[in-house]
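One-letter residues, chain by chain:
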Amino acid sequence: MKRWLSKAEESLGNHSDRLNAINIFPVADGDTGTNLYRTVRSAARATHDVDADDLGELLSAAGRGAMEEALGNSGTLFAVFLSALAEPLHGTTRLTSPLLASALHRAQIRSWSALSDPVPGTMLSVLEASARGAAETASAHAGDDSNAALALTLSAAVQSALRAVVDTESQLGALTEAKVVDAGGVGFLLVLDALRAAALGEELQDELLDGLHGYDIQSPHIHLGGDADGVEVMCTINLSPLDAATLRLHLDEIGDSVIMSAVTQVEEGYRWRVHVHVPDPEPALALIHEAGTPVSITVTQLAVAPVGVEAGES
C-alpha cells in the first residue's frame, strides 16, 4: 500500500501538466492534475511513519492525511475514495480479489454520496466502472484468494476504468464540444494502475493513455482562463451528522460542487471536510461559522488568467 501511494504520487507528478491542460469540468480552472498530485502526496506522506500490518489501519491514516489537505473537487474525491477503501480492509493483512472488490464497492458508494449533485462522465463514473469490473471478476473466481485471482481482478478494474474514461467524452456536453476526456477520470485511472503495478510488482502501463482524446503531449491547452467565475471554499469542521446535513443543505442553496465527507469521529460527532464553489465567499463562510468552528479555511479564485496575463490585470 505504501508502494502504491508512492507510485501514484510519481505518476500524477509526471502527468499533472497534461491533466491540468484538459481540465474543463466542473470549471475550467486548470488545476485537476496539481490538486490530485498534491492530495496523493499528502496521503503518501501520512503513511511514512505508520508501522502497521493492518491494511485498513494504514489506509485510514492515508485517508485522513489526504482529507485534511485535500485540494479541489478531484483531490477531495480521492480522499473520500481512500478513506472508504480502508473500511472493509480493517483487520486484514493481505489484499485479495474479494477484498479488493468489496473495498472498491464501498468507495464507490461513499464517493457518490459525498457529493450533493453527482454527475456521470467524471471521476465518479470511472470509479463506478472499476468497482463493477472488479466485482464481476471476483464473482467469477469466488472463494479464490490467490495472487492470480487478485491479478485478474486488478487488471479488470483498470480496463473497466479505461473504458469509462473513454466514455466520459460523450457523457458531458463540455467534454464532447472540446473533444477531450475528463481530467479527473484520467487521474483516477493513473491511481488505479499504480495500485495494480504495486500489488503485482509490475511497471506502470505507459501505453494505457495512448489515443485518449486531448491527451497527446502536442494537444493544446483547452482551459484558456477567464470563464470560471466565483471562488472555491474549503475547510475542516467538527459537526454532528444533523448539523452537517443542515450545512450541506444551506451550501447547496448558494453554491454548487458541494462535497462533504466525514474524516474521523470526534466528541461532537465527526470531523468533516467541506468543499463548495460559490460566487462570493462571504455568505458561505458565514454559514460555516454559524455551524461551528472551522479550521484550515482556504478561498481560491476559480478563474485562471489567460496565458500571458497576470492575475488581477485587465
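Computed from a predicted model, the values in this text were never measured in an experiment.

J.: What should I look at first to understand the nonpolar core in this one?
T.: One broad trend across soluble globular proteins is that nonpolar side chains are buried collectively. One finds W4, F78, F81, L82, L104 and V186 to be the most contacted residues of the largest nonpolar core, which totals 73 residues. In terms of residue count, the dominant contributor to this core is helix α9 (residues 183-200) (ten residues). Listed in part, the 19 residues of the second largest apolar core include L239, L251, W272 and L285.

J.: Any chance you could explain empty space enclosed by the protein here in plain terms?
T.: In this approach a probe as big as a water molecule rolls over the atoms, and the regions it shows empty are the leftover space. Tallied over the full model, the rule gives one cavity of 30 Å³ or more. The space that makes up the largest cavity amounts to roughly 40 Å³. Along the walls of the largest cavity sit M1, W4, L85, L89, L95, L99, L100, A103 and L195, which together make up its complete lining. Element by element, the count of residues in the lining of the largest cavity is highest for helix α5 (residues 97-114), at three residues. Residue composition of the lining of the largest cavity, by class: nine nonpolar, no polar and no charged.

J.: Where do I start with the packing of aromatic side chains in this structure?
T.: What characterises a pair of aromatic rings is the spacing of the ring centres plus the angle enclosed by the ring planes. A complete count under the given rule lists three aromatic pairs for this structure. Consider the rings of F78 and F81, whose centres lie 6.0 Å apart with planes at 40°: the pair is tilted. Remark: F81 and F78 occur in helix α4 (residues 72-86); sequence separation between them is three residues, near one turn of the helix. Using a relative accessible area of 2% as the deciding quantity, one classes F78 as buried.

J.: Can you walk me through a negative patch on the surface in this structure?
T.: On the surface, E203, D206, E207, D210 and D216 cluster together into a negatively charged patch. Along the chain, the position of E203 falls in the loop between α9 and β1 (231-239). Looking at E203, the relative accessible area reads 64%, which means it is exposed.

J.: Is there a simple way to think about the side chain of T32 in this case?
T.: Note on placement: T32 falls in helix α2 (residues 32-46). The contacts of T32, once residues within four sequence positions are left out, are N20, N23, S74, A183 and G184.

J.: Would you mind going over the packing of helix α3 (residues 55-68) against α4 with me for this structure?
T.: The angle between the axes and the distance between the axes are what describe a pair of packed helices. At a minimum axis separation of 8 Å, α3 and α4 run at an interaxial angle of 160°. Classified by the angle their axes make, α3 and α4 are roughly antiparallel. With respect to the hand of their crossing, α3 and α4 are arranged in left-handed fashion. Note on element contacts: α4 touches α3 through F78, A79, V80, L82, S83, L85 and A86, opposite G56, L59, S60, A62, G63, R64, A66 and M67. In terms of residue class, the contact of α3 with α4 is built from ten nonpolar, four polar and one charged.

J.: Before we go on, may I ask you to explain unusual backbone geometry in this structure?
T.: Backbone geometry places K179, a non-glycine residue, at a positive phi of 60°. Assignment of secondary structure puts K179 in the loop between α8 (173-178) and α9. Exposure remark for K179: the relative accessible area of 57% places this residue in the exposed category. One non-glycine residue, S257, adopts positive backbone phi at about 50°. The topology assignment puts S257 in strand β2 (residues 256-266).

J.: I keep staring at the layout of surface pockets and nothing clicks. Help me out?
T.: Its volume calculated, the largest pocket comes out at about 400 Å³. Together, 28 residues line the largest pocket, and F25, P26, N73, L115 and S257 are the ones closest to its centre. Of all the secondary structure elements, the ones that give two or more residues to the lining of the largest pocket are α2, α4, α6 (123-140), α9 and β2. Considering every element that reaches the lining of the largest pocket, the biggest residue donor is α4, with four residues. By residue class, the composition of the lining of the largest pocket is ten nonpolar, eleven polar and seven charged.

J.: So what exactly am I meant to see when it comes to the environment of H213 here?
T.: For H213, the location among the structural elements is in the loop between α9 and β1. As a C-alpha pair, H213 and D51 span 162 residues in sequence and 42 Å in three-dimensional space. Discounting residues that sit within four places of it in the chain, H213 has contacts with E169, K179, V180 and V181.

J.: Hey, could you run me through the pairing of strand β3 (residues 269-278) in this one?
T.: Looking along a regular strand, one sees the side chains alternate between the two faces of the sheet. Among the ten residues that make up β3, eight are buried, leaving the element largely enclosed by the rest of the structure. Looking at chain direction, β1 and β3 are connected through nine bridges and run antiparallel. If you follow N238 over to β3, its bridge partner there is R271. Pairing analysis gives eight bridges linking β2 to β3, with the strands arranged antiparallel.

Cut-offs used in this document
Residues numbered from 1 in each chain as written. Predicted model: local features only at pLDDT ≥ 70, side-chain atom pairs only at ≥ 80, totals over all residues. Heavy atoms only, no water. Core = buried A, V, L, I, M, F, W, Y, C linked by side-chain atoms within 4.5 Å. Buried < 20%, exposed > 50% of the residue type's maximum accessible area, 1.4 Å probe, protein only. Helix = DSSP H or I, 4+ residues; strand = E, 2+ residues; numbered from the N terminus. 1 Å grid on protein atoms, 1.4 Å probe; cavity = no way out; pocket = protein on both sides within 12 Å on 5 of 7 lines; lining within 4 Å. Points joined across faces, edges and corners; volume = space filled by probe spheres on them. Nonpolar A, V, L, I, M, F, W, Y, C, P; charged D, E, K, R; others polar. Phe/Tyr/Trp six-rings, centres within 6.5 Å; stacked < 30°, edge-to-face > 60°. Patch = residues over 30% accessible without salt bridge, like charges linked within 9 Å, V, L, I, M, F, W, Y side chains within 5 Å. Areas by Shrake-Rupley, 256 points an atom, 1.4 Å probe, with all protein chains shown as cover. Salt bridge = Lys/Arg side-chain N within 4 Å of Asp/Glu carboxyl O. Lys, Arg positive; Asp, Glu negative; His and termini not counted. Charge placed at Lys NZ, Arg CZ, Asp CG, Glu CD. Contact = heavy atoms within 4.5 Å. Axes fitted to C-alpha atoms, helices over the stretch in contact; angles between N-to-C directions. Parallel < 35°, antiparallel > 145°, perpendicular 65-115°, else oblique. Left-handed = near helix turned anticlockwise from the far one by under 90°. Pairing = 2+ DSSP bridges.

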